[in-house]
Amino acid sequence: PAIARTDADLDTDGLLVLTPEELQSGDLETLLNNRAGRPTLIVLPKEVVALNPLHKGWTVRLDNMSTANIAKILAKRGTFKIVRLRTTATAKFRGDAKPVMVFNNMPDVQTIAGRNSDGDPLVPIFTDDINIHDLKQDHAIIAGIGNNVFVLADPDLLNNAGIADPQRAYAAVRFLDELSPPDHPQITFDVTLNGFGRARSLIDVLVRPPFLALTLCLIVAGIMALLSGLMRFGPPLAEARSIPPGKRGLVDNIAAMLRRAGAEHALGGRYSALIRDLAARDYGLPATLSVEAATARLDQIPGRTQRFSDLVQRAGQARDNAALLGATQDLDQWRRRI
């Protein structure tokens, strides 16, 4: 068998096996219409499953799926009813000496009954041995619903649990062989309905929702960038020097060196000396005074809540940038109050 992962893979004259999931009637109908009467087998779902946390890639059964939701998958092909019952089903194939036991008194065997959209009853291909009637129509496990479309009501004939039984696995292969046209024996299993189709090209993705809006925005932004490049708004900007000239550039370079060396906090003493010189000039102290004498005179300025010498000591003892910033701000405020 082949695996169909693209639309091109679905274009086959052999039997195509579809495994739609719950409430997927729209996608299924589109695919069936594209088949144009070529043989197609629809395997209906049966159970609600979840990912197995103990084994990657496996699932665990939670519960049986609602039969009403399963019937909705085929809603556009007719009016069908899904019924589960305990029953026995054997199959007799051409060339076999005895029947094959497919379901032996199995509970919850899933069957289908009803009529297609043209009002024709379904054509039973494989039914149970009990032959229970409902609304005067046989419950079928496999049935034709018209236009060369067949339905397998119970997926336990084909899934892993089903083919674990040798007789059921043999019956599954024989049923697939009987539904396949003799001149096109290739059987193809579709996985596009289940989201396992091969990824589209980047261009195909960009021109389809939801990325179409992003593509349009990028196109508009590109057009605006082109227009802005064609029209100049004002004179062109002059290229700036990598190193600014003059004192400002020199100061910036020194500051960068100190920052890289992690030595900014060591500037507290230098800043204190600068404030001392500025304050001595502002207060009119003689330029011939020594540093100690000038500091002592500044400590004697009336009305100051902090002594200048205490502030100088704080700045000189700063060990990080935060302490240095606090000390220099206090020195600056002290000078501004003179």
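Up top is the structure.
Residues numbered from 1 in each chain as written. Predicted model: local features only at pLDDT ≥ 70, side-chain atom pairs only at ≥ 80, totals over all residues. Heavy atoms only, no water.

(A) Expanded view of the overall build of the protein chain. Helix and strand counts for the protein chain come out as 11 helices and 13 strands. Whereas a compact globule of 338 residues would reach a radius of gyration of roughly 20 Å, the protein chain reaches 44 Å, over 25% beyond that. Expressed along its principal axes, the backbone C-alpha trace of the protein chain runs to roughly 130 × 55 × 35 Å. Within the protein chain, buried positions represent 35% of all 338 residues. When the accessible surface of the protein chain is totalled, it reaches about 21200 Å², and 58% of it is carbon and sulfur. Separation of charge centres in the protein chain, based on 39 positive and 37 negative side chains, amounts to 12 Å. (Helix = DSSP H or I, 4+ residues; strand = E, 2+ residues; numbered from the N terminus. Rg over C-alpha atoms; globule rule 2.2 N^0.38 Å. Buried < 20%, exposed > 50% of the residue type's maximum accessible area, 1.4 Å probe, protein only. Areas by Shrake-Rupley, 256 points an atom, 1.4 Å probe, with all protein chains shown as cover. Lys, Arg positive; Asp, Glu negative; His and termini not counted. Charge placed at Lys NZ, Arg CZ, Asp CG, Glu CD.)

(B) A look at unusual backbone geometry. Even without a glycine there, the phi angle at Asp108 is positive, about 60 degrees. Summarising the element assignment, Asp108 is placed in strand S7 (residues 100-116). On the accessibility criterion, Asp108 (35% relative accessible area) is partly exposed.

(C) View of the packing of helix H8 (residues 268-283) against helix H9 (residues 291-299). Between H8 and H9, whose axes approach to 11 Å, the crossing angle comes to 65 degrees. In this structure, the crossing between H8 and H9 has a hand that is left-handed. Facing Arg276, Ala279 and Ala280 of H8, the residues of H9 in contact are Val291, Ala294, Thr295 and Leu298. (Axes fitted to C-alpha atoms, helices over the stretch in contact; angles between N-to-C directions. Left-handed = near helix turned anticlockwise from the far one by under 90°. Contact = heavy atoms within 4.5 Å.)

(D) View of the nonpolar core. Judged by nonpolar contacts, the single largest core of 25 residues is most densely connected at Leu28, Ile42, Leu74 and Ile112. Sorting the residues of this core by element identifies strand S2 (15-18), helix H1 (25-35), helix H2 (67-73), strand S6 (78-91), strand S11 (140-146) and strand S12 (149-152) as the ones contributing at least two each. Ignoring any residue separated from it by four or fewer positions in sequence, one finds Leu74 in contact with Leu28, Ile42, Leu44, Phe80, Ile112 and Val151. Membership of the second largest hydrophobic core comes to 23 residues, among which are Val17, Ala171, Leu176 and Ile187. (Core = buried A, V, L, I, M, F, W, Y, C linked by side-chain atoms within 4.5 Å.)

(E) Structural detail: the pattern of salt bridges. The full count for this structure, using the stated rule, is 14 salt bridges. Here Arg77 ties to Glu29 by a salt bridge, and the two come within 3.1 Å at their closest N and O atoms. Here Arg77 is found in the loop between H2 and S6, whereas its partner Glu29 is found in helix H1, with 48 residues between them in sequence. Its relative accessible area of 13% is what places Arg77 among the buried residues. For Glu47, the salt bridge goes to Arg61, with nearest N and O atoms at 3.2 Å. Of the two residues, Glu47 is situated in strand S4 (residues 47-51) and Arg61 in strand S5 (residues 59-64); the sequence distance between them amounts to 14 residues. A relative accessible area of 29% places Glu47 in the partly exposed class. (Salt bridge = Lys/Arg side-chain N within 4 Å of Asp/Glu carboxyl O.)

(F) Layout of the packing of H8 against helix H10 (residues 308-316). One can describe the packing of H8 onto H10 by two numbers: an axis separation of 7 Å at closest approach and a directional angle of 155 degrees. Put simply, H8 runs roughly antiparallel to H10. Crossing angle aside, the handedness with which H8 passes H10 is right-handed. Contacts between H8 and H10 involve Gly268, Gly269, Ser272, Ile275 and Arg276 from the first element and Phe308, Val312, Ala315 and Gly316 from the second. (Parallel < 35°, antiparallel > 145°, perpendicular 65-115°, else oblique.)

(G) Quick peek at the side chain of Arg38. Relative to the helices and strands, Arg38 resides in the loop between H1 and strand S3 (40-43). Classification of Arg38 by relative accessible area gives buried; the value is 18%. A polar atom in the side chain of Arg38 sits 2.7 Å from the side chain of Asp11. (Polar contact = N/O pair within 3.5 Å; in protein donor to acceptor, adjacent residues only side chain to side chain.)

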